Amino acid sequence: MYDTILYMSEDKKANAMSRRGLFQAAPLGAAAAFLAPQHAQAQEQPAAIPSLKFDIEAQTHWKGEAGSANEATVAEFPISQNIAGVSMRLKPGAIRELHWHALAAEWAYMIEGRVRTTVVMPNGQSAIDEFGPGDTWYFPRGHGHLLQGLGPGEAHFLLGFDNGHFSEFGTFSITDWIANTPPEIASRVLNVPASTLAKFPKKEVYIGPGPVPTTILEELRLRESQTSQFAHKYRLDMQTPRVFEGGIEYMVTQKDFPIQTTFTAVKMILKPGALREMHWHPHADEWQYFLSGQASMTVFGSHGRTRTEEYRKGNVGFVPQGYGHYIEQIGDQPTELLILFKSPEYQEISLANWLGGNPSSLLSANFGIPQDAIDKLPKKERGILARKS
Ligand code: MN
Ligand code: MN
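Computed from a predicted model, the values in this text were never measured in an experiment.

As for the environment of Gln321
Next, step 1: In this structure, Gln321 sits in the loop between β22 (315–319) and β23 (324–330).
Next, step 2: Sequence-wise, Gln321 and His281 are 40 residues apart; in three dimensions their C-alpha atoms are separated by 6.2 Å.

Structure, rendered in structure tokens:
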């Protein structure tokens, strides 16, 4: 596991590495060079777009008797500077121990199974919640939390962090802190004798086994504790989705989920043969996790550069901020993906709306094609197009 010092220095690197910094210093090699076209010398051809795909489920970064965690940070997937992801599994009763993240907020989507969480907020309020498939949570940066698998069966969920330099293995864990505090201080603060303190874990537990909880929620220790007035839970799959000809989309912004201040989350389902039409996002990178099925995504990065890659269950995909893209569904089964934007609001410009927002004569002149052909062009976004009939 990374120690805290390394984690901190990674963060300092993150702060120093604004986009502007990337253009000048190019410390990341290929990733930086490819992001540079707008600022490069006019005669200089920018680097080709690197791979925008990472197979998070093909790794095993941490595995214990009670669970496992695979991650995609800048170390594994350097193109994603703003968002990191973790695919975590917890056995029934398993506890992802009390911890916080100094430098990232945590978003999650339950893929399978059930999880119970506790969270403490700076205003002293606490919450305990349970999550099932399709539910999401959001813990603001620095808020202390714990996760427990409820069973039956393993809980599997995707975690998203609003900092690509964040590592799940560099979190601030309660056992790590206590084990590294002088015993006389820890005894005094925890109000236990040295003999009791000696029984505490000697190092970070991270994920450990625990009893499968009873179905009845236990009382919090501080009985008068006020319940959090800022819900951490949003049931994404229970939302009325936006319906398009070729699929549906669930979307949660801060407007719907006030505590989710740094992310907008989307679950997209593409029917067989569907095409997510050409568009771009002016405000944020797009970070994807494929839940099921297959798709081909093509990204356009100016200077004639495009990159097409195929994605399947367990793959992470990425579209840099402002880059044009479209997604073609592949196969007989619907394709499902989760999408994160590091922004409390959603922004998109579709090629169709752009064409609709111009007079015909100008488009005719721009493309050099006659008016009657221009009249056939779309005027309004259709989102996800149905299979070509
Ligand atoms: Mn966490
Ligand atoms: Mn998009």
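Points about the coordination of the manganese ion (ligand 1)
Next, step 1: Coordination of the manganese ion (ligand 1) by the protein comes from His99 (NE2), His101 (NE2), Glu106 (OE) and His145 (NE2), over a distance range of 1.9 to 2.2 Å.
Next, step 2: Sequence spacing of the donor residues for the manganese ion (ligand 1), all on one chain, is H-x1-H-x4-E-x38-H. A residue pair is termed long-range when its members are at least 10 positions apart, and Glu106 in strand β6 (residues 106–112) and His145 in strand β10 (residues 144–149) qualify at 39 residues.

A closer look at the layout of surface pockets
Next, step 1: For the largest pocket, the calculated volume is near 1,300 Å³.
Next, step 2: Together, 35 residues line the largest pocket, and Leu98, Thr118, Leu146, Ile174 and Arg221 are the ones closest to its centre.
Next, step 3: Where the lining of the largest pocket is concerned, the elements lending two or more residues are β5 (95–100), β7 (115–120), β8 (126–131), β10, α4 (174–179) and α5 (183–190).
Next, step 4: Residues of the lining of the largest pocket, tallied by class, amount to 21 nonpolar, 10 polar and 4 charged.

Side note on unusual backbone geometry
Next, step 1: Cis geometry marks the peptide bond from Gly151 to Pro152; its omega dihedral reads -5°.
Next, step 2: Here Pro152 shows up in the loop between β10 and β11 (155–161).
Next, step 3: Non-glycine residue Ser302 carries a positive phi angle of around 65°.
Next, step 4: Of note, Ser302 is situated in the loop between β20 (294–300) and β21 (306–312).
Next, step 5: In this structure, His303 is a non-glycine residue whose phi angle is positive, near 50°.
Next, step 6: Note that His303 resides in the loop between β20 and β21.

Observations concerning the sheet that holds strand β3 (residues 67–72)
Next, step 1: With antiparallel pairing, the 7 strands of this open sheet are ordered in space as β2-β3-β4-β11-β6-β9-β14. The open sheet has two edge strands, β2 (62–63) and β14 (233–235), and neither has a second partner.
Next, step 2: Pairing of strand β4 (residues 84–90) with β11 involves 7 bridges; the strand directions are antiparallel. The partner of Val86 across the bridge, within β11, is Leu159.

Remarks on the coordination of the manganese ion (ligand 2)
Next, step 1: Protein coordination at the manganese ion (ligand 2) comes from His279 (NE2), His281 (NE2), Glu286 (OE) and His325 (NE2), with a distance range of 2.1 to 2.2 Å.
Next, step 2: Each donor residue of the manganese ion (ligand 2) lies on the same chain, and together they follow the pattern H-x1-H-x4-E-x38-H. An identical accessibility class is assigned to His281 and Glu286; each is buried.

Points about the packing of aromatic side chains
Next, step 1: Summed over all chains, the structure comprises 13 aromatic pairs.
Next, step 2: With a centroid separation of 5.1 Å and 25° between ring planes, the pair formed by Trp100 and Phe172 is classed as stacked. A residue pair is termed long-range when its members are at least 10 positions apart, and Trp100 in strand β5 and Phe172 in strand β12 (residues 172–173) qualify at 72 residues.
Next, step 3: On the basis of relative accessibility, which here comes to 27%, the residue Trp100 falls in the partly exposed class.
Next, step 4: Using a relative accessible area of 19% as the deciding quantity, one classes Phe172 as buried.
Next, step 5: Between the aromatic rings of Phe341 and Tyr346, the centroid separation amounts to 5.4 Å while the plane-to-plane angle is 70°, which identifies the pairing as edge-to-face.
Next, step 6: Aromatic rings pair up to connect Phe131, Trp137, Phe139 and Phe157 into one cluster.
Next, step 7: Between the NZ or CZ atom of Lys53 and the centre of the ring of Tyr311, over which it lies, the distance is 5.8 Å.

Basis of the calculations
- Residues numbered from 1 in each chain as written.
- Chains lettered and ligands numbered in written order.
- Predicted model: local features only at pLDDT ≥ 70, side-chain atom pairs only at ≥ 80, totals over all residues.
- Heavy atoms only, no water.
- Helix = DSSP H or I, 4+ residues; strand = E, 2+ residues; numbered from the N terminus.
- Donors = N, O, S within 2.8 Å, 3.2 Å for Na, K, Ca; no water.
- 1 Å grid on protein atoms, 1.4 Å probe; cavity = no way out; pocket = protein on both sides within 12 Å on 5 of 7 lines; lining within 4 Å.
- Points joined across faces, edges and corners; volume = space filled by probe spheres on them.
- Nonpolar A, V, L, I, M, F, W, Y, C, P; charged D, E, K, R; others polar.
- Pairing = 2+ DSSP bridges.
- Buried < 20%, exposed > 50% of the residue type's maximum accessible area, 1.4 Å probe, protein only.
- Phe/Tyr/Trp six-rings, centres within 6.5 Å; stacked < 30°, edge-to-face > 60°.
- Lys NZ or Arg CZ within 6 Å of the ring centre and 35° of its normal.

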